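Descriptive analysis of the structure
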Amino acid sequence: MLYAFLISLVVVALSEMGDKTQLLALLLAAKFRKPVPILIAIFLATVVNHGVSALLGQWITTVLSPTVLLWIVSLGFIAMAGWMLIPDELDDESESIHKWQKYGVFGATFVLFFLAEIGDKTQIATVALAARFDSIGWVTLGTTLGIMLVNAPAVFIGNKLAEKLPISLIHKIGALIFLIIGVAALVQHYFF
């Protein structure tokens, strides 16, 4: 299960680089300038969101045949590889932040981050990883820590760090990892 944890951590950390939720974390940090409640809210929003996603991934394994599941998960990872190559943009979140600001730094961050994760590539990756590795806890822990590894520096350091990272290269590496996992699952099943 350590393998499931490590793959989940690496895949989601690479997926989160330059993702809209990372951009949201930067925006929240610039707006509120209170990193601790922002990070706690990001952590808890991610645990809830990815925990439910991992449960969904596990549930899917009970309703689909192993062969159908293998193809869906493998093709899902391959599709995620392509999605990783499309850069995210943050819509005008200033209006959303203003709307939720009345709930304080923690409340606004929790709600906005939770909502931003819905349908995001890291959430979809969590569903696929939980289905692939048959581990709700390790996948949720790995994906949550992956999110935190990327967003904590974003919150503390802000745009200075983000501008110096080769986001395009990081996305390509993440895409390659998704592609390898998807193809490897098919190869392993049919040839070994």
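Residues numbered from 1 in each chain as written. Predicted model: local features only at pLDDT ≥ 70, side-chain atom pairs only at ≥ 80, totals over all residues. Heavy atoms only, no water.

**Observations regarding the overall build of the protein chain**
The helix and strand inventory of the protein chain stands at 10 helices and 0 strands. Listing the helices and strands of the protein chain from first to last along the sequence gives α-α-α-α-α-α-α-α-α-α. Counting every position in the protein chain, which comprises 192 residues, the buried fraction comes to 47%. Long-range contacts, defined here as pairs at least 24 residues apart, represent 91% of the contacts in the protein chain between residues at least 6 apart. Here the protein chain displays about 9600 Å² of accessible surface, and carbon together with sulfur accounts for 72% of that area. (Helix = DSSP H or I, 4+ residues; strand = E, 2+ residues; numbered from the N terminus. Buried < 20%, exposed > 50% of the residue type's maximum accessible area, 1.4 Å probe, protein only. Contact = heavy atoms within 4.5 Å. Areas by Shrake-Rupley, 256 points an atom, 1.4 Å probe, with all protein chains shown as cover.)

**Considering the UniProt feature "transmembrane region" (unreviewed entry) in the protein chain**
Mapped onto this numbering, the UniProt entry annotates "transmembrane region" (unreviewed entry) at residues 34-56, 68-86, 136-157 and 169-191. Regarding residues 34-56, the helix share stands at 96% and the strand share at 0%, and the terminal C-alpha atoms are separated by 33 Å. Secondary structure across residues 136-157 divides into 100% helix and 0% strand, with the first and last C-alpha atoms of the span separated by 32 Å. (UniProt positions renumbered as here; feature names shortened; annotations may be inferred.)

**Comments concerning helix α2 (residues 20-32)**
Side chains of residues three or four places apart in an α-helix project in the same direction, reflecting 3.6 residues per turn. In this model, α2 (13 residues) spans 18 Å end to end at C-alpha, consistent with the 18 Å of a helix rising 1.5 Å per residue. Along α2, the residues that are buried comprise Thr21, Gln22, Leu24, Ala25, Leu26, Leu28, Ala29 and Phe32. Just past α2, the residue Arg33 takes up positive phi, approximately 55°. (Expected span 1.5 Å × (residues − 1).)

**Concerning the side chain of Gln123**
Structurally, the position occupied by Gln123 is in helix α7 (residues 121-133). Here Asn49 takes part through its side chain, which lies 3.1 Å from a polar atom of the side chain of Gln123. Of the polar contacts made by the side chain of Gln123, one reaches the backbone nitrogen of Gly119; its length is 2.5 Å. Gln123 has contacts with Asn49, His50, Ser53, Glu117 and Ile118, leaving out every residue within four places of it along the chain. (Polar contact = N/O pair within 3.5 Å; in protein donor to acceptor, adjacent residues only side chain to side chain.)

**A short note on helix α1 (residues 2-16)**
Here α1 contains 15 residues, and its C-alpha end-to-end distance of 21 Å stays within 8% of the 21 Å for a straight helix at 1.5 Å per residue. Among the 15 residues in α1, 11 count as buried, and that is most of the element. All of the buried residues along α1 are Ala4, Phe5, Ile7, Ser8, Leu9, Val11, Val12, Ala13, Leu14, Ser15 and Glu16. Among the residues trailing α1, Gly18 stands out with phi positive, at a value near 75°.

**What about the confidence of the model for the protein chain?**
On average, residues of the protein chain carry a pLDDT of 82, and 82% of them reach 70 or more. In the model of the protein chain, helix α9 (residues 159-164) stands out as the element of lowest mean pLDDT, 54, in contrast to helix α3 (residues 35-63), which has the highest, 95. (pLDDT = per-residue confidence, 0-100.)

**Some points on the packing of aromatic side chains**
Within a pair of aromatic rings, the relevant descriptors are the distance that separates the centres and the angle that separates the planes. The final tally for this structure, using the stated rule, is 4 aromatic pairs. Aromatic pair Tyr3 and Phe133: ring centres 5.6 Å apart, planes at 80°, arrangement edge-to-face. Of this pair, Tyr3 sits in helix α1 while Phe133 sits in helix α7, placing them 130 residues apart in sequence. Here Phe133 falls in the buried class, since its relative accessible area comes to 11%. Relative to Phe110, the ring of Phe106 lies with its centre 6.2 Å away and its plane at 25°, an arrangement referred to as stacked. Here Phe106 pairs with Phe110, and both are found in helix α6 (residues 104-117), just 4 residues apart, close to one helical turn. By relative accessible area, Phe110 is classed as partly exposed at 25%. In textbook terms, an aromatic cluster arises when at least three aromatic residues are bridged by ring pairs, as seen for Phe106, Phe110 and Phe114. (Phe/Tyr/Trp six-rings, centres within 6.5 Å; stacked < 30°, edge-to-face > 60°.)

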